[in-house]
Amino acid sequence: MFNLILFGPPGSGKGTQSERLISKYGLKHLSTGDLLRSEIAGQTPLGLAAKSFMDKGQLVPDEVVIEMISSALDNNPQAHGFLFDGFPRTVAQAEALDKLLAQKGTSIAVVLALEVNEDELTKRLLNRGLTSGRSDDRDEGTIRSRHSEYQKKTAAVADHYKKYGKVVFVKGEGDIDEIFQSLCKEIDLRDRA
Ligand code: B4P
């Protein structure tokens, strides 16, 4: 089983590159952002609770997203591997993920961290907000809050996996196909058996 985390700040290209990577490598895509938006669309109690955090650019509480990922892992026993997109976003989430994977006799093979400067991130998200219908992409203040949540709570996740030598930084600016090739190169360097 080959499990990877696609890591990076909001707007760094995680969702964009995940689509391509899952199709090339046959991994099961687990995006907590997508899972939460689907709960919101279904107007479930979880979705309604999550929306109030997401609209403010804040992280949804750890216990909510950890439970979602735990169910998703249990519901996909046939998967050859998972691509985690937008998860883990706190050290507590990372520790919970490591434990869940260990219970299944597997672990994270690599964390691919996309690097993009903040002005470019803001530009991309405002641009996506013009067409996506996502309330968290429309307002520059909310986007800045998302960056600040990232700096305060999420950046430390890279340090957590650095301890195990699992983090590789990849330039996330420029041509989408070239970034994809850089990510593939890192995956192909690792044993995917
Ligand atoms: P997510 O859905 O994970 O969204 P994101 O980080 O904003 O987007 P992503 O990084 O995937 O976007 P992409 O670059 O592909 O999270 C949304 C919210 O959900 C969070 O703020 C939080 O509230 C909540 N949440 C999710 N997971 C959570 C967790 N684990 N714990 C707690 N809360 C959680 O796309 C951005 C734009 O850039 C697109 O328009 C794309 O076309 C463009 N783009 C991509 N690559 C480009 C390139 N190379 N050049 C130019 N444009 C590019």
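Everything below is about the structure shown above.
Note that the structure is a prediction, hence the values are computed from the model and not measured.

Asker: Give a detailed account of the pattern of salt bridges, specifying residues and quantitative values.
Answerer: Applying the stated rule across the entire model yields 16 salt bridges. A salt bridge links Arg37 to Asp34; the nearest nitrogen and oxygen atoms lie 2.9 Å apart. One end of the pair is Arg37 and the other is Asp34, both in helix H2 (residues 32-41) and 3 residues apart, which spans about a single turn. By relative accessible area, which is 27% here, Arg37 ends up partly exposed. Linking Asp137 and Arg128 is a salt bridge whose minimum nitrogen-to-oxygen distance equals 2.6 Å. Taking relative accessible area as the criterion, Asp137 reaches 0% and is therefore assigned buried.

Asker: How would you sum up helix H5 (residues 91-103)? Please name residues and give values.
Answerer: Given 3.6 residues per turn, any residue in an α-helix points the same way as the ones three and four places further on. An ideal rise of 1.5 Å per residue puts 18 Å on 13 residues; H5 measures up with 18 Å between its terminal C-alpha atoms. Listing the buried residues of H5 in full gives Gln93, Ala94, Ala96, Leu97, Leu100 and Leu101. Along the axis of H5, the buried residues cluster in a sector spanning 165 degrees; they form a single face. Facing away from the buried side of H5 by over 90 degrees, the exposed positions are Lys99, Ala102 and Gln103. Those residues of H5 that are buried are in contact with strand S1 (4-7), helix H4 (62-74), strand S3 (82-85) and helix H7 (140-162). Within two residues after H5, Gly105 carries a phi angle of roughly 75 degrees, on the positive side.

Parameters at a glance
Residues numbered from 1 in each chain as written. Predicted model: local features only at pLDDT ≥ 70, side-chain atom pairs only at ≥ 80, totals over all residues. Heavy atoms only, no water. Salt bridge = Lys/Arg side-chain N within 4 Å of Asp/Glu carboxyl O. Helix = DSSP H or I, 4+ residues; strand = E, 2+ residues; numbered from the N terminus. Buried < 20%, exposed > 50% of the residue type's maximum accessible area, 1.4 Å probe, protein only. Expected span 1.5 Å × (residues − 1). Arc of directions from axis to C-beta. Contact = heavy atoms within 4.5 Å.

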